[in-house]
Amino acid sequence: ISLCGLSHGTMGGGELPGLLVNEIGGRHGILHSHLAFLKKHFYLITMKDFLESKEHMSKKVQAIYLWWHKPVIDRELLQSLPNLKVIANSGVGMDHLDLKLIASFGVKMANAPHAVSTSTADTGMALLLASARRLVEGCHIAISSGTEHCEADFLGVEVTGATLGIIGMGRIGYKIALRAKAFEMKILYHNRTRRKEQEEQAVGATYCEKIDNLLQQADFVMVVVSLTPQTRKLIGKREMELMKPTATLINISRGAVIDQEALVTALQTGTIRAAALDVTYPEPLPRLDHTLLKLKNIIITPHLGIKTDKATYMITEEAVENILAALNGVPMPSEVLPS
Ligand SMILES: O=C(O)[C@H](O)CO
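Quick caveat, the model's predicted, so the values are computed rather than measured.

A.B. asks: Describe the site of the ligand, and please don't skip the residues or the numbers.
C.D. replies: The ligand sits among Trp68, His69, Gly91, Val92, Gly93, Val116, Arg254, His303 and Ile306. Gly93 has a polar backbone atom sitting 2.8 Å from an oxygen atom of the ligand. A distance of 2.6 Å separates an oxygen atom of the ligand from a polar atom in the side chain of His303.

A.B. asks: So, the sheet that holds strand β5 (residues 108-110): which residues are in play, and what are the values?
C.D. replies: With parallel pairing, the 5 strands of this open sheet are ordered in space as β2-β1-β3-β4-β5. One side of each edge strand has no neighbouring strand; the edge strands of this open sheet are β2 (43-46) and β5. Between one strand and the next, the sheet's axes are offset by a mean angle of 25°, whatever the strand orientation. One ladder, built from 4 bridges, connects strand β1 (residues 18-21) with β2; its direction is parallel. Bridge assignment links Gly18 to a residue of β2, and that residue is Tyr43. Helix-sheet contacts for helix α14 (residues 309-328) involve β1, β3 (61-66), β4 (86-89) and β5, and the interaxial angle to β3 is about 155°.

A.B. asks: Before we move on, could you go through the confidence of the model for the chain and cite the residues and values that matter?
C.D. replies: Low-confidence regions, as indicated by low pLDDT, have predicted coordinates that should not be scrutinised in detail. Looking at the chain as a whole, its pLDDT mean stands at 94, while 96% of the residues score no less than 70. The spread of mean pLDDT over the elements of the chain runs between helix α13 (residues 291-294), the lowest at 92, and strand β6 (residues 163-167), the highest at 99. Both confidence scores are given for the complex: pTM 0.93, ipTM 0.94.

A.B. asks: Please give an account of the sheet that holds strand β10 (residues 248-251) that cites residues and values.
C.D. replies: One open sheet holds the 7 strands; their spatial order is β8-β7-β6-β9-β10-β11-β12, and the pairing between them is parallel. Two strands in the sheet have a free side with no partner beyond their single neighbour: β8 (205-207) and β12 (298-300). For this sheet, the mean inter-axis angle between neighbouring strands, taken without regard to orientation, is 15°. Pairing analysis gives 3 bridges linking strand β7 (residues 186-190) to β8, with the strands arranged parallel. In the sheet register, Ile187 faces β8, and the bridge partner there is Ala205. Strands β6, β7 and β9 (220-223) of the sheet are contacted by helix α8 (residues 171-182), whose axis makes an angle of about 170° with β6.

A.B. asks: A description of the UniProt feature "domain: D-isomer specific 2-hydroxyacid dehydrogenase catalytic" (unreviewed entry) in the chain should follow, citing residues and the corresponding values.
C.D. replies: Under the feature "domain: D-isomer specific 2-hydroxyacid dehydrogenase catalytic" (unreviewed entry), the UniProt entry names residues 33-336. Here residues 33-336 runs as 42% helix and 15% strand, with 27 Å between its end C-alpha atoms.

A.B. asks: Hey, could you go over the packing of aromatic side chains for me, with residue numbers and the actual values?
C.D. replies: One pass over the full model with this rule turns up 3 aromatic pairs. Geometrically, the ring pair formed by Phe37 and Tyr313 is tilted, given 5.8 Å between the ring centres and 40° between the ring planes. Of this pair, Phe37 sits in helix α1 (residues 35-41) while Tyr313 sits in helix α14, and the two are 276 residues apart along the sequence. What makes Tyr313 partly exposed here is its relative accessible area of 29%. Centroid distance Tyr189 to Tyr207: 5.2 Å. Interplanar angle 50°. Geometry classified as tilted. Of this pair, Tyr189 sits in strand β7 while Tyr207 sits in strand β8, and the two are 18 residues apart along the sequence. The exposure classification of Tyr189 matches that of Tyr207, with both residues buried. The ring centre of Phe154 lies 4.0 Å from the NZ or CZ of Arg134, which sits over that ring.

A.B. asks: Go over the side chain of Ser131, please, and point to the residues and values.
C.D. replies: Within the fold, Ser131 resides in helix α6 (residues 113-132). Residue classification places Ser131 among the buried residues on the basis of a relative accessible area of 6%. The contacts of Ser131, once residues within four sequence positions are left out, are Thr248, Arg273, Ala274, Ala276 and Ile299.

The rules behind the values
- Residues numbered from 1 in each chain as written.
- Predicted model: local features only at pLDDT ≥ 70, side-chain atom pairs only at ≥ 80, totals over all residues.
- Heavy atoms only, no water.
- Near = heavy atom within 4 Å.
- Polar contact = N/O pair within 3.5 Å; in protein donor to acceptor, adjacent residues only side chain to side chain.
- Pairing = 2+ DSSP bridges.
- Helix = DSSP H or I, 4+ residues; strand = E, 2+ residues; numbered from the N terminus.
- Axes fitted to C-alpha atoms, helices over the stretch in contact; angles between N-to-C directions.
- Contact = heavy atoms within 4.5 Å.
- pLDDT = per-residue confidence, 0-100.
- UniProt positions renumbered as here; feature names shortened; annotations may be inferred.
- Phe/Tyr/Trp six-rings, centres within 6.5 Å; stacked < 30°, edge-to-face > 60°.
- Buried < 20%, exposed > 50% of the residue type's maximum accessible area, 1.4 Å probe, protein only.
- Lys NZ or Arg CZ within 6 Å of the ring centre and 35° of its normal.

Following this line, the structure appears as structure tokens:
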């Protein structure tokens, strides 16, 4: 990325702007490997520092960098930060934020759409391939019974030549299509707006104006839309019943885009063949023995779509670029406005 010549220096004054982060390390903390880069531009304040010395710290905070949706941004926090100018999110989905509330405090927001697209597309393809070839089941068999050939009828489904239906053809969806093309898949897609003809041709994708047509034809349905009031439970009982009984549903967007109860039933009754989910609703699932975790024809991963060393570093770079732009009063490359 280019930081467009921006730095804290261009803001005048020698002091680095205060950047509030949840914690350093840990489940919801920024990575140790990003510290040196962040410290070049900001004075880092963790939530612990902030809460221990609220009066002193609150004036220093000019930006917040959210890592895995933390810290939680609520009215109380916003009211306690008089100099807050910008919040940068370490990912593309902003459904965990009340954008209107944040904007009402005059605070700008940014996401990281560029940094996440390749790693998330790779996760989608990894889930597709793993589910098609029953890799997780195979791994469990190898661990519990040894690596001798498994039963003759332990069969997966072929990916080459199969039809992939992509729901949501934004940056990530398009990168999935590029990958699927290399697997010689037939590609259908549905999107609010149709892609340009050259873009469709470049990946060999056919537009389906109606989701139903895509659902009826696809062997693999990959959900890549962001979570909005319009996409909540977009794929429910009716949609699963339209799918082929041999089809696989893959979700790398947000859990709530799929009606999870309907999915459990569809998997138990053979309405669809299998599912592969990187996201669930809620996250984490409340109980270890949740029905979804017990089904044989499902793969679930713990929302690891973006989690590569390169992508996470690029996300931090994209966040810094946006924060510095906001603090310098120049256009932010990935500003998100409340709709
Ligand atoms: O939204 C994203 O980019 C990922 O799901 C991480 O939250």
